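# Architecture at a glance
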Amino acid sequence: NSDWNTVIETLETNIQSLRFLEFSPNGKYLLILDYDFEIYSTQNWEKVYFGDISTTDGSYYPAYDITWSGDGERLVISTGNDGGKMYEGPDWDEVTGTTSTGYYVAHHPSEDTLWYMTADGAVSEYELQNVPFVGDSWVQIQTYTVGAYNTGRMSISEDGDMIVAESWGDLYVYSSSTFQQEFYATGSNPVFSSTGTHLLYQTYDGYEIYSTDMWSKTSEIEEEKALPELEKANGSEDDEMCEACAI
């Protein structure tokens, strides 16, 4: 939507505060999450799920990160306790997830693969496998280690090759296959372009866009010019992420 003055829909919710407000990658769903959470279909803006993230014994562990599968039919909420919570559409039943104690999580866009990261830098990779006599189960297949201060909410590129972690005003980009650091910057709110060729993030002065090929800066947008420039760039091949950033 290039007209940012047009209200598409107004939603009324009983959730008192918003910890997460996020669309699924394919735009089919909108998540509103704190302790309670709601999932809305963007086709008709009807609420398709309402629940909370308490455990079966009534304990509460707050959400630190969330991730969707690429098709928008799986939602993972990481809490640092026993894999957090996992739900699958279209009925959004809770399903058995991992046993990870990671606080941060990323889902591969096209594969049944999850990465969890703990606050001290331990990374675990899980894959959904058909285990004999058990059925489909999440199996840990690899572990990695990153710096203890290089951890935070994770976002993954469209091809699944890169993961960016946001930590207290610092951004760390890792290869998803090795978790070797590929790029570092000071900033927040990182967004990969839809092709994975660029990374946009917010700085103190505005926004910067880097090419993920050679990690060279391709654009810098000052704060007072940010919104007009983002609207102008909306739909371009280089800066596909700008529309999402300006919402």
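Cut-off values and rules
- Residues numbered from 1 in each chain as written.
- Predicted model: local features only at pLDDT ≥ 70, side-chain atom pairs only at ≥ 80, totals over all residues.
- Heavy atoms only, no water.
- Phe/Tyr/Trp six-rings, centres within 6.5 Å; stacked < 30°, edge-to-face > 60°.
- Helix = DSSP H or I, 4+ residues; strand = E, 2+ residues; numbered from the N terminus.
- Lys NZ or Arg CZ within 6 Å of the ring centre and 35° of its normal.
- Salt bridge = Lys/Arg side-chain N within 4 Å of Asp/Glu carboxyl O.
- Buried < 20%, exposed > 50% of the residue type's maximum accessible area, 1.4 Å probe, protein only.
- Core = buried A, V, L, I, M, F, W, Y, C linked by side-chain atoms within 4.5 Å.
- Contact = heavy atoms within 4.5 Å.
- Pairing = 2+ DSSP bridges.
- Axes fitted to C-alpha atoms, helices over the stretch in contact; angles between N-to-C directions.

### Points about the packing of aromatic side chains
- For the structure shown, the criterion picks out 16 aromatic pairs.
- Ring geometry for Phe183 and Trp215: centres 4.5 Å apart, planes at 10 degrees, overall stacked. Of this pair, Phe183 sits in strand E16 (residues 181-186) while Trp215 sits in the loop between strand E19 (206-211) and strand E20 (217-222), placing them 32 residues apart in sequence.
- Feature note: the residues Phe183, Tyr201, Tyr210 and Trp215 constitute an aromatic cluster, connected by ring pairs.
- Between the NZ or CZ atom of Arg19 and the centre of the ring of Tyr64, over which it lies, the distance is 5.8 Å.

### Remarks on the pattern of salt bridges
- Evaluated as defined, the whole model comprises nine salt bridges.
- Glu22 is the partner of Arg153 in a salt bridge, and the nearest nitrogen-oxygen pair spans 3.4 Å. Separated by 131 residues along the polypeptide, Arg153 in strand E13 (residues 153-156) and Glu22 in strand E1 (residues 20-23) bring together distant segments of the chain.
- Asp112 is the partner of Arg74 in a salt bridge, and the nearest nitrogen-oxygen pair spans 3.0 Å. Of this pair, Arg74 sits in strand E6 (residues 74-78) while Asp112 sits in the loop between strand E9 (104-107) and strand E10 (113-117), placing them 38 residues apart in sequence.
- Classification of Arg74 by relative accessible area gives buried; the value is 9%.
- Counted as one network, the salt bridges with shared partners bring together Glu22, Asp65 and Arg153.

### Looking at unusual backbone geometry
- With an omega of 5 degrees, the peptide bond between Gly89 and Pro90 qualifies as cis.
- Within the secondary structure, Pro90 is located in the loop between strand E7 (85-88) and strand E8 (93-94).
- Its identity is not glycine, yet Trp215 carries a phi of approximately 55 degrees, on the positive side.
- Note on Trp215: relative accessible area 15%, which makes it buried.

### Looking at the nonpolar core
- If you look at the biggest cluster of nonpolar residues, it comprises 14 residues, and the most contacted ones within it are Leu31, Leu33, Phe37, Ile66, Leu75 and Ile77.
- Of all the elements in the fold, those that place two or more residues in this core are strand E2 (29-33), strand E3 (36-41), strand E5 (65-68) and E6.
- For this core, the element with the most residues is E2, which contributes three residues.
- Apart from the residues lying within four places of it in its own chain, the contact partners of Ile66 are Phe20, Glu22, Leu31, Leu33, Leu75, Val76, Ile77, Val105 and Arg153.
- Counting 13 residues, the second largest nonpolar core, distinct from the first, contains Trp115, Val146, Tyr174 and Phe179.

### Thoughts on the sheet that holds E20
- Spatial strand order, E17-E18-E19-E20: four strands in an open sheet with antiparallel pairing. In this open sheet, the two edge strands, each paired with only one partner strand, are strand E17 (188-192) and E20. Averaged over all neighbouring strand pairs, the angle between strand axes comes to 15 degrees, with direction disregarded.
- Here five bridges tie strand E18 (residues 198-202) to E19, and the two strands are oriented antiparallel to one another. What sits directly across from His198, in E19, is Ser211.

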